[in-house]
Amino acid sequence: MTDDGSGDGVAADAPVRKIIHVDMDAFYASVEQRDDRSLRGRPVAVGGSSRRGVVAAASYEARKFGVRSAMPSITAKRQCPELIFVPPRFEVYRDISHQIRAIFRDYADEVEPLSLDEAYLDVTRDKAALGSATAAAKAIRRRILAETGLTASAGVSYNKFIAKLASDQNKPDGLTIIPPGKGAAFVQTLSIRRFHGIGPVTAAKMEGLGIYSGADLAAKDMGWLTAHFGNSAEWLHNLARGIDHRRVRSNRPLKSLGGERTFFNDLVTDTEIREALAHVCTVVWDRAAKRHARGRTVTLKLRYADFKTITRAKSVPFAIKDGAGLLAAGEAILAPLLPVEQGIRLLGVTLSRFEGEEDEGEAAERADLLSLI
């Protein structure tokens, strides 16, 4: 691609896409604070408060103490003794999410939800006739506040990667605009741990190689990146320069679905573990059947008593057609891992590589994972 000299991959003669990423602020916790006045201004965690509980979401008051989603509840309480735990109300969150998505569709034909609380919108076509993507983002945020009583942050840019980074730049209740020609410079000021798609393991590897920021990454040539990161080299090379050619897809194909269960008492015996596997497989297959999803890869996730987590996957030549087939694949993965030396605190199963799925060369999409706690 011949670009305009800005280094962000925007062709000089190509129409510039206008992308908004909207991200609700501490969504679950904010809903609870909205609906219960006594929780406002106080540190709140949505999730279980038992010794096996996990934080699903934390209010900004709780985040000041280092409380984060996926943190064990016992750790969260230790870091914030005044923390208030509230059980999740997923039906309420889903209803509000549907409300918000209806607002999005007044401004964009192409809306790609990533989860209940965030989505990409392609507003290249000025559907609401507001004159600019920035005006559309402002209008969307005003309507969300007026109609739900909740705040949202938004990022506006020329591609998905930068729009998502921008939406996180001034949270909560913030709006950040990164125009063409400014993307590479913006990305290179950020910590590598801010990059969407780079997980903690990869980030730690990068830091071990002296890469701490987007600028550090941009300084590495393709040969060096290929030597250290293999097939991910071109993707990383592009991210460091603010380049992302992915489209906003309103009908994003399902990449995976699954379920996991955290146990109040560790599972120790083979029988207990196999029974738990059968239960999770039943739930996952029920979800797959409702979506008419037939996959070829099964992934088993085990978290031990010491919080060490492992995943193992198995692919079969033909799509799994029933629950018995899913369980058989899960059993085949589990068998070499038995007996366990320490208890199992969490077990999860994910089904992927669905029939008709196309590989577009994108980074792995977020799994549609259901917690069975």
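Note that this is a predicted model, so its numbers are computed, not measured.

Enquirer: Lay out the nonpolar core in plain terms, naming residues and giving numbers.
Expert: Ranked by size, the top nonpolar core spans 31 residues in total, and within it Leu300, Leu302, Leu326, Leu347 and Val349 carry the most contacts. Those elements that place two or more of their residues in this core are β9 (256-267), α12 (270-290), β10 (295-304), α13 (323-334) and β12 (344-354). The leading source of residues in this core is α12, at 8 residues. Among residues more than four places away in sequence, those in contact with leucine 302 are Lys308, Thr309, Ile310, Leu334, Leu337, Ile344, Leu346 and Leu347.

Enquirer: Give me the pattern of salt bridges: which residues, what numbers.
Expert: Per the stated rule, a full pass over the model turns up 19 salt bridges. The closest approach of N and O atoms between arginine 94 and glutamate 91, which form a salt bridge, is 2.9 Å. Taken together, the residues arginine 94 and glutamate 91, both in helix α4 (residues 90-104) and 3 residues apart, mark about one turn of the helix. On the accessibility criterion, arginine 94 (31% relative accessible area) is partly exposed. Here arginine 246 ties to aspartate 244 by a salt bridge, and the two come within 2.8 Å at their closest N and O atoms.

Enquirer: Lay out the packing of aromatic side chains with the relevant residues and their values.
Expert: What the rule picks out here adds up to 7 aromatic pairs. Look at phenylalanine 27 and tyrosine 28: their rings are 5.9 Å apart centre to centre, the planes differ by 50°, and that puts the pair in the tilted class. Residue phenylalanine 27 shares its accessibility class with tyrosine 28, and that shared class is buried. The structure contains a cluster of three or more aromatic residues connected by ring pairs, namely Phe27, Tyr28, Phe90 and Tyr93. Sitting above the plane of the tyrosine 60 ring, arginine 63 keeps its charged end 4.5 Å from the centroid.

Enquirer: Describe α12, listing the residues and the values that go with them.
Expert: If you check α12, its first and last C-alpha atoms are 30 Å apart, about what 21 residues at 1.5 Å a residue would give, namely 30 Å. Buried within α12 we find Ile273, Ala276, Leu277, Val280, Cys281, Val284, Trp285, Arg287 and Ala288. The arc enclosing the buried residues of α12, seen along the axis, measures out at 165°, which places them on a common side. The exposed set on the far side of α12, more than 90 degrees from its buried face, consists of Thr271, Glu275, Thr282 and Lys290. One or two positions beyond α12, positive phi appears at histidine 292, with a value near 55°.

Enquirer: Describe the packing of α4 against helix α5 (residues 133-148), listing the residues and the values that go with them.
Expert: Where α4 contacts α5, the axes come no closer than 10 Å and their chain directions differ by 145°. Between α4 and α5 the crossing geometry is right-handed. Residue-level inspection shows Ile96, Gln99, Ile100, Ile103 and Phe104 of α4 in contact with α5, the latter providing Ile140, Arg143, Ile144, Glu147 and Thr148.

Enquirer: Talk me through the environment of tryptophan 224; I want residue IDs and the actual numbers.
Expert: Tracing the sequence through the fold places tryptophan 224 in helix α10 (residues 222-229). A residue is classified by how much of its surface remains accessible, and tryptophan 224, at 22% relative accessible area, is partly exposed. Residues tryptophan 224 and proline 179 lie 45 residues apart in sequence; the distance between their C-alpha atoms is 30 Å. Every residue in contact with tryptophan 224, bar those within four places of it in the chain, is listed here: Leu209, Ile211 and Phe229.

Enquirer: Can you lay out the pairing of strand β11 (residues 309-315) for me, pointing to particular residues and giving the numbers?
Expert: Examined bridge by bridge, β10 and β11 share 7 bridges and lie antiparallel to one another. Along β11, the bridge assignment pairs leucine 302 with isoleucine 310. As consecutive antiparallel partners, β10 and β11 are separated by 4 residues, and within that stretch phenylalanine 307 has a phi angle of approximately 75°, a positive value.

Enquirer: Which residues make up the sheet that holds strand β7 (residues 152-157), and what values do they have?
Expert: Read from one edge of the open sheet, 5 strands run β5-β6-β1-β7-β8, paired in mixed fashion. For this open sheet the edge positions go to β5 (110-115) and β8 (175-177), each flanked by a neighbour on one side alone. Going from strand to strand, the sheet's axes swing by 15° on average, the running direction of each strand aside.

Enquirer: How would you sum up unusual backbone geometry? Please name residues and give values.
Expert: Residue proline 172 is bonded to the preceding lysine 171 through a cis peptide linkage, with omega at -5°. If you trace the backbone, proline 172 turns up in the loop between α6 (160-167) and β8. A cis amide bond, omega -5°, links leucine 338 with the succeeding residue proline 339. Note on placement: proline 339 falls in the loop between α13 and β12. Even without being glycine, alanine 26 reaches a positive phi, approximately 45°. Along the chain, alanine 26 falls in the loop between β1 (19-24) and α1 (27-35). For aspartate 173, which is not glycine, the phi torsion reads 55° and is therefore positive. Tracing the sequence through the fold places aspartate 173 in the loop between α6 and β8.

Enquirer: How would you summarise the environment of methionine 24 if you had to cite specific residues and measurements?
Expert: The topology assignment puts methionine 24 in strand β1. Judged by relative accessible area, methionine 24 falls into the buried class, the value being 4%. Between the alpha carbons of methionine 24 and alanine 137 there is a distance of 13 Å; along the sequence they are 113 residues apart. Those residues in contact with methionine 24 that sit more than four places away from it in its chain are Ile100, Asp117, Ile144, Leu150, Thr151, Ala152 and Lys171.

Thresholds applied
As a convention, each chain's residues are numbered from 1 in the sequence order in which they are written. Reporting in this predicted model follows two pLDDT cut-offs: at least 70 for local features of residues, and 80 or more for side-chain atom pairs to be given and counted; totals over whole chains, interfaces and linings ignore these cut-offs and use all residues. Only hydrogens and water are set aside; all other atoms, that is, all heavy atoms of the structure, feed into the side-chain values. Only buried residues count toward a nonpolar core, which is a set of Ala, Val, Leu, Ile, Met, Phe, Trp, Tyr and Cys residues joined through side-chain atoms within 4.5 Å. The rule is simple: take the accessible area with a 1.4 Å probe, protein chains only, and divide by the maximum for that residue type; under 20% is buried, over 50% is exposed, in between is partly exposed. Here a strand is any run of E in DSSP of at least two residues, a helix any run of H or I of at least four, and the numbering for each starts at the N terminus. What makes two residues a contact is simply this: any of their non-hydrogen atoms within 4.5 Å. Salt-bridge detection follows one rule: a side-chain nitrogen of Lys or Arg within 4 Å of a carboxyl oxygen of Asp or Glu. Aromatic contacts are taken between Phe, Tyr and Trp rings whose centres are within 6.5 Å, Trp giving its six-membered ring; a plane angle under 30 degrees counts as stacked, one over 60 as edge-to-face, and the others as tilted. Consider the ring centre and the ring normal. A charge sits over the ring if Lys NZ or Arg CZ is within 6 Å of that centre and within 35 degrees of that normal. The span one expects for a helix is its residue count, reduced by one, times 1.5 Å. This arc is taken over the directions from the axis of the helix to the C-beta atoms. Fitting a line to C-alpha atoms yields each axis, with helices limited to the stretch in contact; the angle taken between N-to-C directions then spans 0 to 180 degrees. In this scheme the crossing of two helices becomes right-handed for a clockwise turn of the near helix relative to the far one and left-handed for an anticlockwise turn of less than a right angle. We call two strands paired when DSSP finds no fewer than two bridges between them.

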